[in-house]
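Given next are the chains, with one letter for each unit.
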Amino acid sequence: IHVLGGFFHGSRDIERGHRTIFDTIYKGSHNRLEVEKVRLLGPDVAAVFIRTNLTWYLNGQEQNIQARPTLVAQKSPTGEWKIAVFQNTLITKDAVPTLADTLIKAHPYKGNTPVT
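Let me begin by describing the structure that accompanies this report.

1. A short note on the overall build of the protein chain
Turning to step 1, where the next piece is worked out: Looking only at helices and strands, one finds two helices and eight strands in the protein chain.
Turning to step 2, where the next piece is worked out: When its helices and strands are written in sequence order, the protein chain yields α-β-β-β-β-β-β-α-β-β.
Turning to step 3, where the next piece is worked out: Every one of the 116 residues in the protein chain was classed for burial, and the buried ones make up 28%.
Turning to step 4, where the next piece is worked out: Looking at the protein chain alone, contacts between residues at least 24 apart form 43% of all its contacts between residues at least 6 apart.
Turning to step 5, where the next piece is worked out: Accessible area of the protein chain: about 8000 Å², with a carbon and sulfur share of 55%.

Now the structure itself:
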């Protein structure tokens, strides 16, 4: 689930969605991720809480947004951890509501389909 609430199903759909945003709105962007907490839910399942800081450019002007992704990771029989569920939530500030508005207007996805 991306920051605007849309969702993707399967690795092909996820790759296509990321390719779209990296070729458009987030071209040249930089994202810094910090794991805030890992909570083991069992020997092979963990909830991971992350904070991100994304720097991107709109009409040549630097934009910065923060988000709080949460994911559920599952350990495979071979010992490899894989993401099973991913939810990304945009952090908004009451004092700066226009930042969320700017992102929503510029983002190529509104819900589940790219804006054309």
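2. Details of unusual backbone geometry
Turning to step 1, where the next piece is worked out: Here the phi dihedral of Asn59 falls at roughly 55 degrees; this positive angle occurs in a residue that is not glycine.
Turning to step 2, where the next piece is worked out: Of note, Asn59 is situated in the loop between strand S2 (45-58) and strand S3 (61-67).
Turning to step 3, where the next piece is worked out: For Asn59, a relative accessible area of 75% corresponds to the exposed category.

3. So, the pairing of strand S4 (residues 70-75)
Turning to step 1, where the next piece is worked out: Of the pairings in the sheet, the one linking S2 to S4 comprises five bridges and is antiparallel in character. Bridge pairing in S4 links Val45 to Gln74.
Turning to step 2, where the next piece is worked out: Across six bridges, the pairing between S4 and strand S5 (residues 81-87) is antiparallel. Across the sheet, the residue bridging to Gln74 is Lys82, located in S5.
Turning to step 3, where the next piece is worked out: Hairpin connection between S4 and S5: a loop of five residues separates the two successive antiparallel strands, and Gly79 in this loop has a positive phi of roughly 95 degrees.

Conventions we followed
Residues numbered from 1 in each chain as written. Predicted model: local features only at pLDDT ≥ 70, side-chain atom pairs only at ≥ 80, totals over all residues. Heavy atoms only, no water. Helix = DSSP H or I, 4+ residues; strand = E, 2+ residues; numbered from the N terminus. Buried < 20%, exposed > 50% of the residue type's maximum accessible area, 1.4 Å probe, protein only. Contact = heavy atoms within 4.5 Å. Areas by Shrake-Rupley, 256 points an atom, 1.4 Å probe, with all protein chains shown as cover. Pairing = 2+ DSSP bridges.

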